[in-house]
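# Structural characterization, general
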Amino acid sequence: MIKKGDTIPGIFSLAAGVFTLIYIFQNPKMVIVDEGVIGGVGPGFFPFICSAALIVCGLLLVLRGVKQNGTVDYFRLTKERKENLKTVGLLALLILLLLLAWKISGLFFVCLPIYIFAVNRLLKRSVKFTILFTVGMTAFIYVLFRMGFSIRFNP
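This text gives an overview of the structure that appears in the document. These numbers were taken from a predicted model, which means no experiment stands behind them. Per chain, residues are indexed from 1 in the order of the written sequence. pLDDT decides what is reported in this predicted model: residues at 70 or higher carry local features, side-chain atom pairs at 80 or more are listed and counted, and totals for whole chains, interfaces and linings draw on all residues regardless. Note that the side-chain values use all heavy atoms of the structure and ignore hydrogens as well as water.

## Quick word on the packing of helix H4 (residues 108-122) against helix H5 (residues 127-148)
Interaxial distance between H4 and H5 falls to 9 Å at its minimum, and their mutual angle equals 145°. In the packing of H4 onto H5, the handedness of the crossing is right-handed. Touching Phe 108, Phe 109, Leu 112, Pro 113, Ile 116, Phe 117, Asn 120 and Arg 121 of H4 are Val 127, Phe 129, Thr 130, Ile 131, Phe 133, Thr 134, Met 137, Thr 138, Ile 141 and Tyr 142, all from H5. Here the term charged refers only to Asp, Glu, Lys and Arg, the term nonpolar to Ala, Val, Leu, Ile, Met, Phe, Trp, Tyr, Cys and Pro, and the term polar to all other amino acids, Gly among them. Tallied by class, residues from the contact of H4 with H5 come to 13 nonpolar, 4 polar and 1 charged. Axes here refer to lines fitted to C-alpha atoms; in helices the fit is confined to the stretch in contact. Angles between the N-to-C directions go from 0 to 180 degrees. Runs of E in the DSSP output that reach at least two residues are strands. Runs of H or I that reach at least four are helices, and both are numbered from the N terminus. By definition, turning the near helix anticlockwise from the far helix through less than a right angle yields a left-handed crossing, and turning it clockwise yields a right-handed one. The contact criterion used throughout is that any non-hydrogen atoms of two residues lie within 4.5 Å.

## A word on the packing of aromatic side chains
Stacked, edge-to-face and tilted are the three classes for Phe, Tyr and Trp ring pairs, Trp counted by its six-membered ring, which pair at centre distances within 6.5 Å; planes under 30 degrees apart are stacked, over 60 edge-to-face, the rest tilted. Tallied over the full model, the rule gives 5 aromatic pairs. Note on Phe 108 and Phe 109: the rings are 5.1 Å apart at their centroids and 80° apart in plane angle, and the pair reads as edge-to-face. With centroids separated by 5.6 Å and ring planes inclined at 15°, the aromatic side chains of Phe 129 and Phe 133 adopt a geometry described as stacked. A residue pair is termed a helical-turn pair when its members lie 3 or 4 positions apart in one helix, as Phe 129 and Phe 133 do in helix H5 at 4 residues. Each residue gets one of three labels from its accessible area relative to the maximum for its type: buried under 20%, exposed over 50%, partly exposed in between, using a 1.4 Å probe on protein chains only. Accessibility expressed as a relative area gives 36% for Phe 129, which makes it partly exposed. Joined through ring pairs, the aromatic side chains of Trp 102, Phe 108, Phe 109 and Tyr 142 make up one cluster.

## Side note on the packing of helix H1 (residues 7-26) against helix H2 (residues 45-68)
Relative placement of two packed helices is described by the angle separating their axes and the distance separating the axes. Two numbers describe how H1 lies on H2: the axes approach to 7 Å, and their chain directions differ by 155°. In this view, H1 runs roughly antiparallel relative to H2, as classed from their interaxial angle. The hand of the H1/H2 crossing is left-handed. Among the residues making up the contact of H1 with H2, the classes are represented as 16 nonpolar, 8 polar and no charged. When describing relative orientation, an angle under 35 degrees is termed roughly parallel and one over 145 degrees roughly antiparallel, while 65 to 115 degrees is termed roughly perpendicular and anything else oblique.

Next up, the structure:
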């Protein structure tokens, strides 16, 4: 088995797709085609499409990895990869802090701009871009969820 290249991510994508497909077919509530609904789409339709896409993409990645013939090494930690892992860890920490602050305060639209600002600064965006993006994304999420979907974030 080739342990380098796109083979490993392809195997993980393929496994995720297959496990999702197995779950869909084993769960009686995850009907793909519902005869009783106009349009015929059941709650399992979108997960079915996603799992099929994961399987196809996984197969393509495995084939690409085999064609690469071990020229790409995912396990060698370069300076760039170490920096990227550090950034990913900090992003995960920021999302946890957002969820914790939202849970404690109940003020989603106060926590969200702080989170967006912190993420953009972590990703080394300019201050002007960070402020504009923070205001724009917060306004977009407010309009979409609060006004469009009528979802209330406050308790």
